[in-house]
Amino acid sequence: MLKQEDIEMVYVATRSCDHFKHTMMAFEAGKDVLLEKPATISYEQALALYEKANKCCSPRLFVHQQRRLE
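Residues numbered from 1 in each chain as written. Predicted model: local features only at pLDDT ≥ 70, side-chain atom pairs only at ≥ 80, totals over all residues. Heavy atoms only, no water.

S.K.: Looking at this structure, how should I read the sheet that holds strand β1 (residues 9–12)?
M.R.: In spatial order, the strands read β1-β2-β3; together these 3 strands make up an open sheet with parallel pairing. Every interior strand has two partners, whereas the edge strands, β1 and β3 (61–64), have only one. Each adjacent strand pair in this sheet contributes to an overall mean axis angle of 15 degrees, direction not counted. Bridging between β1 and strand β2 (residues 32–36) involves 4 bridges; their strand directions are parallel. (Pairing = 2+ DSSP bridges. Helix = DSSP H or I, 4+ residues; strand = E, 2+ residues; numbered from the N terminus. Axes fitted to C-alpha atoms, helices over the stretch in contact; angles between N-to-C directions.)

S.K.: Would you take a moment to explain unusual backbone geometry for this structure?
M.R.: For residues other than glycine, phi is negative in most cases, and the peptide bonds are mostly trans. Omega for the peptide link from K37 to P38 comes to -5 degrees, which places this bond in the cis form. Along the chain, P38 turns up in the loop between β2 and α2 (43–53). You will see that C57, though not glycine, has its phi angle at about 65 degrees, which is positive. Examined against the element boundaries, C57 turns out to sit in the loop between α2 and β3. Classification of C57 as exposed rests on a relative accessible area of 79%. (Buried < 20%, exposed > 50% of the residue type's maximum accessible area, 1.4 Å probe, protein only.)

S.K.: Sorry if this is basic, but what is going on with the nonpolar core here?
M.R.: As a rule of thumb, soluble globular proteins bury nonpolar side chains together. Core analysis: the biggest nonpolar cluster contains 8 residues, these being V10, V12, A26, F27, V33, L35, L49 and A53. Residue assignment for this core shows that the elements contributing at least two residues are β1, α1 (19–28), β2 and α2. Filtering out sequence-adjacent residues up to four positions away, V10 remains in contact with M1, L2, A26, K31, D32, V33 and L34. (Core = buried A, V, L, I, M, F, W, Y, C linked by side-chain atoms within 4.5 Å. Contact = heavy atoms within 4.5 Å.)

S.K.: I would appreciate a short explanation of a nonpolar patch on the surface in the present structure.
M.R.: Side chains of Y43, L47 and Y50 sit close together on the surface and give an oily, nonpolar patch of about 360 Å² of accessible area. One can find Y43 in helix α2. (Patch = residues over 30% accessible without salt bridge, like charges linked within 9 Å, V, L, I, M, F, W, Y side chains within 5 Å. Areas by Shrake-Rupley, 256 points an atom, 1.4 Å probe, with all protein chains shown as cover. Salt bridge = Lys/Arg side-chain N within 4 Å of Asp/Glu carboxyl O.)

S.K.: Where do I start with the environment of P38 in this structure?
M.R.: Classification of P38 by relative accessible area gives partly exposed; the value is 40%. A sequence separation of 25 residues divides P38 from V63, and the C-alpha atoms of the two residues are 8.3 Å apart. Apart from residues lying up to four places away in sequence, P38 is in contact with S16 and H19.

S.K.: Would you mind going over the side chain of T40 with me for this structure?
M.R.: Note on placement: T40 falls in the loop between β2 and α2. Polar contacts involving the side chain of T40 include one to the main-chain amide nitrogen of A46, which spans 3.4 Å. Not counting the four nearest positions on each side in its chain, T40 is found in contact with F20, Q45, A46 and L49. (Polar contact = N/O pair within 3.5 Å; in protein donor to acceptor, adjacent residues only side chain to side chain.)

None of this, on its own, says anything about what the molecule does.
So this is what it looks like as structure tokens:
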């Protein structure tokens, strides 16, 4: 999926412990990411995602909280 050029954004809603790994994979493929909360399981991982997403011309990161049960 990450190799498909017609896909622009990836929605990461896997287990929380996998969010960092899957988001970085999407970034490496040049995809924007809509990331389910919690974004990561550590401050260091969150900082790494923030730094990666805020480089010039890098993919964008959006953190999202699904509130379907309210």
